[in-house]
Amino acid sequence: SQPVIWFTATEKLLLNDTWNVKLNIQQRQFVNTPGSFQFLASGTLERKLNKNFSTGMGFMFFDFRLANPADGDLVDLPELRPYEYVTFSYVRNRLKFFNRLLVEQRFQKHLAGEGMVTPNYHLNHRIRLKWQISIPLSSKLSLIASDEPMINFGPDIDRNTFDQNRLIVMGSYKLRENLTLGTGYMNWIFQRVGGKSFDIRHVWLIELSHIIRR
């Protein structure tokens, strides 16, 4: 169990009523492990199919810096991650519901013998299911709750088919019409490779989201 501070910045460009482009940057800082972090940058192209359904695809660069178990030095494990998804959202009695099915292709480097990083990327896959509800408390403030379990599959997946789960409760405040600040708590649980033990991370979320309309 360990605490994490997770910063997110998102820029969304609405091209028209059907298409939008989203850029996202995240920095995940591990409080009790100096120098260890996760950084990612992603770009997404999304198409709105109708009032409720949207689909999209994108690409993410992910870097995990952690302590090498062989000598304690920090080492970077990069990952290249294309992804595709479909969403279903609707409003009922002022409550906003959001559902997403996302599939990732994960090209990863791993730690090998004597703490060396593998020269080639390994390909595995992951399915992510997300359910979210937004409860408006005022014209600017909303309460958001979500859950996102993730399932692994691929040649390197043996006992850790369940990858992780993210349970989130947070508040979202509209600073301006196109600028939103969110903060809250995430309970982040991982299954280790052996399949019999889990890591729990208590995460403080800080999110900034901006929208540009053409």
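Below or above, wherever it landed, is the structure these notes cover. (Residues numbered from 1 in each chain as written. Predicted model: local features only at pLDDT ≥ 70, side-chain atom pairs only at ≥ 80, totals over all residues. Heavy atoms only, no water.)

Turning our eyes to something else, we now look at the packing of aromatic side chains. The geometry of an aromatic ring pair is captured by two quantities: the separation of the ring centres and the angle between the planes. Per the counting criterion, the structure on display carries seven aromatic pairs. Here the guanidinium or amino end of Lys109 rests over the ring plane of Tyr121, the centre of that ring lying 5.0 Å away. Looking at Arg201, its charged tip hangs above the ring of Phe190, at a distance of 4.5 Å from the centre. (Phe/Tyr/Trp six-rings, centres within 6.5 Å; stacked < 30°, edge-to-face > 60°. Lys NZ or Arg CZ within 6 Å of the ring centre and 35° of its normal.)

Together, Ile135, Leu137, Leu141, Leu143, Val169, Tyr173, Leu175, Leu181 and Leu208 line one region of the surface with nonpolar side chains, adding up to about 730 Å² of accessible area. Listing elements by their share of the nonpolar patch, those giving two or more residues are strand 8 (141-153) and strand 9 (162-176). The greatest single-element share of the nonpolar patch, amounting to three residues, is contributed by strand 9. (Patch = residues over 30% accessible without salt bridge, like charges linked within 9 Å, V, L, I, M, F, W, Y side chains within 5 Å. Areas by Shrake-Rupley, 256 points an atom, 1.4 Å probe, with all protein chains shown as cover. Salt bridge = Lys/Arg side-chain N within 4 Å of Asp/Glu carboxyl O. Helix = DSSP H or I, 4+ residues; strand = E, 2+ residues; numbered from the N terminus.)

One closed barrel accounts for 11 strands, arranged 1-2-3-4-5-6-7-8-9-10-11; its pairing is mixed. With strand direction ignored, the average angle separating the axes of adjacent strands in the sheet is 20°. In this structure, strand 3 (residues 37-48) lies alongside strand 4 (residues 53-67), joined through 12 bridges in antiparallel fashion. Across the sheet, Lys48 pairs through a bridge with Ser54, a residue of strand 4. (Pairing = 2+ DSSP bridges. Axes fitted to C-alpha atoms, helices over the stretch in contact; angles between N-to-C directions.)

What follows deals with the pattern of salt bridges. By the definition in use, this model includes nine salt bridges. A salt bridge links Arg81 to Glu104, with the nearest nitrogen and oxygen atoms 3.2 Å apart. Here Arg81 is found in strand 5 (residues 74-92), whereas its partner Glu104 is found in strand 6 (residues 95-108), with 23 residues between them in sequence. Classification of Glu104 by relative accessible area gives buried; the value is 1%. Between Arg126 and Glu104 there is a salt bridge, and its shortest N-O distance comes to 2.7 Å. With Arg126 in strand 7 (residues 122-136) and Glu104 in strand 6, this pair connects stretches of sequence that are 22 residues apart. One salt-bridge network, in which partners are shared between bridges, spans Glu79, Arg81, Arg100, Glu104, Arg106, Arg126, Arg128, Glu148 and Asp163. (Buried < 20%, exposed > 50% of the residue type's maximum accessible area, 1.4 Å probe, protein only.)

By size, the foremost hydrophobic cluster in this structure holds 11 residues: Val4, Trp6, Phe30, Ile144, Ile168, Met170, Met186, Trp188, Phe190, Val203 and Leu205. Residue contributions to this core peak at three residues, all from strand 10 (residues 179-191). Among all residues touching Met170, those that are not within four sequence positions of it are Ser142, Leu143, Ile144, Gly182, Thr183, Gly184, Leu205 and Glu207. Membership of the second largest hydrophobic core comes to six residues, among which are Phe62, Tyr83, Tyr85 and Leu102. (Core = buried A, V, L, I, M, F, W, Y, C linked by side-chain atoms within 4.5 Å. Contact = heavy atoms within 4.5 Å.)

Our focus in this paragraph is unusual backbone geometry. In this structure, Asn93 is a non-glycine residue whose phi angle is positive, near 55°. Within the secondary structure, Asn93 sits in the loop between strand 5 and strand 6. Looking at Asn93, the relative accessible area reads 70%, which means it is exposed. Of note, Arg94 is a non-glycine position whose phi angle comes to about 70°, a positive value. Relative to the elements of secondary structure, Arg94 occurs in the loop between strand 5 and strand 6.

We now examine the side chain of Glu148. With respect to the secondary-structure elements, Glu148 resides in strand 8. For Glu148, a relative accessible area of 6% translates into the label buried. At 2.7 Å, the side chain of Glu148 forms a polar contact with the side chain of Arg100. In this structure Glu148 touches Arg100, Arg128, Leu129, Lys130, Gln164, Asn165 and Arg166, once residues within four positions along its chain are discounted. (Polar contact = N/O pair within 3.5 Å; in protein donor to acceptor, adjacent residues only side chain to side chain.)

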